[in-house]
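# Residue-level structural notes
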Amino acid sequence: MTVSRDAAGRWFVSLLCEDSMAPAPATTAAVGIDAGVTSLVTLSTGEKVANPKHERRDRARLARAQRELPRKAKGSANREKARRRVAKVHARIADRRRDFLHKLSTRLVRENQMVVIEDLTVRSLLKNHSLARAISDASWTELRSMLEYKCAWYGRELVVIDRWFPSSKLCGACGTVRGRLPLNVREWTCDCDTTHDRDVNAARNILPAGLAASACGDGVRRKWVTFNWPANSTAAHLRPQGRQARRRATEGGPAGTDRRRVAAGPGRVRLTRKVRSARRASGGRSGARGKPVAPECGRT
Ligand SMILES: [Zn+2]
């Protein structure tokens, strides 16, 4: 038993006990999830889950508490009270957000046998520095880790797709990859006359990519799945670039052939799959590299 107190002056008692989770009843449903700015996540079913409404009001409350703090004399009792108030608002924000994310992640994991998400570590670092983005990213990171352990609890499969997968730029109807799609473009029309909602289209592309990765055999922590780039693609810049790709290229393997192939037309996109339970069962490192899968596993 551990007793602790946080910065907001709240006491916590935690009990450690052993328990085993019963897997949730099996289902055949699968869902692709796209993380966004305007809405927190978009599902491949077309459903958009917005950031909770209380988020903004909580921010205003936090700003007020923070303004008060430097006006109090250092070392005074009022200063301590103001500090406590700021900590309380912070704690409240974190609690409400966590509660929201817990409900969302539990729902997603219970309803679906497979959850497919994108690996967004790089994207979130590079793209945008707005506050909305920051909140979204923090929530996304937390949601992802919840999905990871809950999938392991309930016997579900979590597939993480490589960050090079062009989920937004790929037309779900005809397979054309668009050259450029700035973040402020929320809706676009492909040459095949299909109009896409940016986020819904991305989520719908993520799902089959994950299904393909999963169909290529179980027990492999990471795998390569071929992704056929359309010959008319103007998206040459989408191919893996930078240090990672160069490192992979020098190591050989699919990524090495990758760069030349993309330049020539059809190429490969790496898909990553992480299944917590599998990782734990094999006791392997999360960074372990899988073997390339057979070409017949490719998406067309
Ligand atoms: Zn199209």
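Residues numbered from 1 in each chain as written. Predicted model: local features only at pLDDT ≥ 70, side-chain atom pairs only at ≥ 80, totals over all residues.

### Observations concerning the pairing of strand E6 (residues 114-118)
The line we're drawing: To assign burial, the other C-beta atoms lying within 10 Å of each residue's own C-beta are counted, with C-beta atoms placed from the backbone; 20 or more indicates buried, 12 or fewer indicates exposed, and intermediate counts indicate partly exposed. Every helix listed is a DSSP run of H or I at least four residues long, and every strand listed is a run of E at least two residues long, numbered separately from the N terminus. Paired strands are those between which DSSP finds at least two bridges.
Where burial is concerned, most of E6 is hidden: 5 out of the 5 residues are buried. The alternating pattern of E6 places Met114, Val116 and Glu118 on one face and Val115 and Ile117 on the opposite face, and all of these are buried. The pairing of strand E3 (residues 30-35) with E6 spans 3 bridges and is classified as parallel. Across the sheet, the residue bridging to alanine 30 is methionine 114, located in E6. Of the pairings in the sheet, the one linking E6 to strand E7 (residues 157-161) comprises 5 bridges and is parallel in character. Along E7, the bridge assignment pairs isoleucine 117 with valine 160.

### Quick word on the sheet that holds strand E5 (residues 48-49)
In plain terms, the rule: Two residues qualify as a contact pair if the distance between their C-beta atoms, derived from the backbone, is within 7 Å. Lines fitted to C-alpha atoms define the axes, with helix axes restricted to the stretch in contact, and inter-axis angles between N-to-C directions lie between 0 and 180 degrees.
The mixed open sheet is built from 5 strands, whose spatial order is E5-E4-E3-E6-E7. The open sheet is flanked by E5 and E7, the only strands paired with a single partner. Those strands touched by helix H5 (residues 198-215) are E3, strand E4 (41-43), E5, E6 and E7, and its axis lies near 130° from that of E3.

### Notes on the packing of helix H1 (residues 54-68) against helix H2 (residues 77-111)
Note the cut-off: Roughly parallel here means an angle under 35 degrees, roughly antiparallel means over 145, roughly perpendicular means 65 to 115, and every remaining angle is called oblique. Left-handed describes a crossing whose near helix is turned anticlockwise from the far helix through less than a right angle; right-handed describes the clockwise counterpart. When residue character is reported, Ala, Val, Leu, Ile, Met, Phe, Trp, Tyr, Cys and Pro are called nonpolar, Asp, Glu, Lys and Arg charged, and the others, Gly included, polar.
Here H1 crosses H2 at 165°, and the two axes come no closer than 9 Å. Considering their axes alone, H1 and H2 lie roughly antiparallel with respect to each other. For the pair H1 and H2, the crossing hand works out as left-handed. Where H1 abuts H2, its residues His54, Asp58, Arg61, Leu62, Ala65, Gln66 and Glu68 lie against Ala82, Arg85, Val86, Val89, His90, Arg92, Ile93 and Arg96. For the contact of H1 with H2, the per-class residue count stands at 6 nonpolar, 3 polar and 6 charged.

### Here we look at the pairing of strand E1 (residues 2-5)
Taken together, the 4 bridges between E1 and strand E2 (residues 11-14) define a ladder with antiparallel strand orientation. Paired with serine 4 across the bridge in E2 is phenylalanine 12. The antiparallel pairing of E1 with E2 creates a hairpin that spans 5 residues between the two strands, and glycine 9 there sits at a positive phi of about 80°.

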